[in-house]
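This is what each chain is made of:
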Amino acid sequence: MRILSWNVNGLRACVRKGFHDFLAACDADVIGLQEVRAFEHQLDEKTRAPAGWHTSFSPAERPGYSGVAIYSCRPPDRVETALGEHRFDAEGRLIIARFGRLSVASVYFPKGSGRDRDNSRVPYKLEFYAAAFERFQALRRRGPVFVVGDYNTAHEAIDLARPKSNKKTSGFLAEERAELTRWLDAGWVDTFRARHHDEPGHYTWWRQWGGMREKNVGWRIDYVLASPGAAKRVKDAFILPQVMGSDHCPVGVDVDVNG
């Protein structure tokens, strides 16, 4: 099984930039999308229900904002879209698909920067992290769990090109990084870093100006985190920087479902 995650930075825009070509060639079984930024009825039929795929969406209440989705080759046994708090659920940041005992969650963790880039949303971001953590801690008791998505946090200095100049920037604040550490200390596995321990230069998001992607001046903020039981099944973890269409690139894992 191949599980992918991609912040598409607006699914309708990504469609115009080759999303369907990616869908046809990616060889994935499950794809979690973030920042869909559209209601289901605003998507064309080919995107809303592409041949050979089952789709589930969780949009934000606010038009053109946030939103997550899961595309899968087989229909999920169950889909959940709520953390149970309206202030989180209204932003369309979570969708969980269950396939037997295996669960895949696509999550768009909040930015902490706020509209004025004043870090005013950091408390909300950390509270969302905490609520998601409790939800997934409970879920992993039922079976293997993969939490894929845009975490909006670079965990260590190796995970961004310019750590020294971003120490006060949301996405690399000490308290945000500590929250990711808490997940790892609880047994969650950063599947990519588990296989590429000390390799620098692996990023998943680049600013859209100044040629940052061409220069590879980026951040690794998109992850596939696995519960201990899920991590044992991972055969490979990777980043696909060659895939264009968004300011993020896809990330993924290959999983032995019989493991």
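As a reminder, the structure under discussion sits directly above these lines.
Here goes a summary of the coordinates provided. (Residues numbered from 1 in each chain as written. Predicted model: local features only at pLDDT ≥ 70, side-chain atom pairs only at ≥ 80, totals over all residues. Heavy atoms only, no water.)

Moving on to the nonpolar core. Counting 28 residues, the largest nonpolar core has Ile 3, Val 30, Phe 146, Val 224 and Val 253 as the members making the most contacts within it. Of all the secondary-structure elements, those providing two or more residues to this core are strand 4 (68–72), strand 6 (94–99), strand 7 (102–108), strand 8 (145–150), strand 12 (222–226), helix 9 (228–231), strand 13 (234–239) and strand 14 (251–255). Filtering out sequence-adjacent residues up to four positions away, Phe 146 remains in contact with Ile 3, Leu 102, Ser 103, Val 104, Ala 105, Val 224, Leu 225, Ala 226, Ala 230, Val 234, Val 253 and Val 255. In terms of nonpolar packing, the next biggest core, distinct from the first, is built from 23 residues, Ile 96, Val 107, Tyr 129 and Val 147 among them. (Core = buried A, V, L, I, M, F, W, Y, C linked by side-chain atoms within 4.5 Å. Buried < 20%, exposed > 50% of the residue type's maximum accessible area, 1.4 Å probe, protein only. Helix = DSSP H or I, 4+ residues; strand = E, 2+ residues; numbered from the N terminus. Contact = heavy atoms within 4.5 Å.)

Sheet architecture is open: 6 strands sit in the order 3-4-2-1-14-13, paired in mixed fashion. A strand with exactly one partner marks an edge of an open sheet, and here the two such strands are strand 3 (54–58) and strand 13. Going from strand to strand, the sheet's axes swing by 15° on average, the running direction of each strand aside. (Pairing = 2+ DSSP bridges. Axes fitted to C-alpha atoms, helices over the stretch in contact; angles between N-to-C directions.)

With that out of the way, let us pick up the pattern of salt bridges. Tallying each qualifying case throughout the model produces 17 salt bridges. The salt bridge involving Arg 220 is made with Asp 159; its shortest N-O contact spans 2.8 Å. Of this pair, Arg 220 sits in the loop between strand 11 (218–219) and strand 12 while Asp 159 is found in the loop between strand 8 and helix 6 (174–185), placing the two residues 61 residues apart along the sequence. Of the two residues, Arg 220 and Asp 159, neither departs from the other in class, the shared state being buried. The partner of Arg 182 in a salt bridge is Glu 179, with the nearest N and O atoms 2.8 Å apart. Remark: Glu 179 and Arg 182 occur in helix 6; sequence separation between them is 3 residues, near one turn of the helix. For Arg 182, a relative accessible area of 32% translates into the label partly exposed. We classify Glu 179 as buried; its relative accessible area is 10%. It is possible to trace a salt-bridge network through shared partners that takes in Arg 78, Glu 80, Arg 98 and Arg 135. (Salt bridge = Lys/Arg side-chain N within 4 Å of Asp/Glu carboxyl O.)

Applying the stated criterion across every chain yields a total of 21 aromatic pairs. Here the aromatic rings of Tyr 151 and Tyr 223 are separated by 5.2 Å at their centres, their planes lie at 80°, and the arrangement is edge-to-face. Of the two residues, Tyr 151 is situated in the loop between strand 8 and helix 6 and Tyr 223 in strand 12; the sequence distance between them amounts to 72 residues. Accessibility classification places Tyr 151 together with Tyr 223 in one group, the buried group. (Phe/Tyr/Trp six-rings, centres within 6.5 Å; stacked < 30°, edge-to-face > 60°.)

This part is about the packing of helix 5 (residues 122–139) against helix 6. As a packed pair, helix 5 and helix 6 sit with axes 10 Å apart at the nearest point and diverge in direction by 5°. Judged by the inter-axis angle, helix 5 sits roughly parallel to helix 6. Contacts from Val 122, Lys 125, Leu 126, Tyr 129, Ala 130, Ala 132, Phe 133, Glu 134 and Phe 136 in helix 5 reach Glu 175, Glu 176, Glu 179, Leu 180, Arg 182 and Trp 183 in helix 6. (Parallel < 35°, antiparallel > 145°, perpendicular 65-115°, else oblique.)

Buried residues dominate strand 14, accounting for 4 of its 5 residues. Here 4 bridges tie strand 1 (residues 2–7) to strand 14, and the two strands are oriented antiparallel to one another. Each residue of the ladder has a partner; that of Arg 2, found in strand 14, is Asp 254. With 5 bridges joining them, strand 13 and strand 14 adopt antiparallel strand pairing. Pairing of Phe 238 across the sheet is with Gly 252, part of strand 14.

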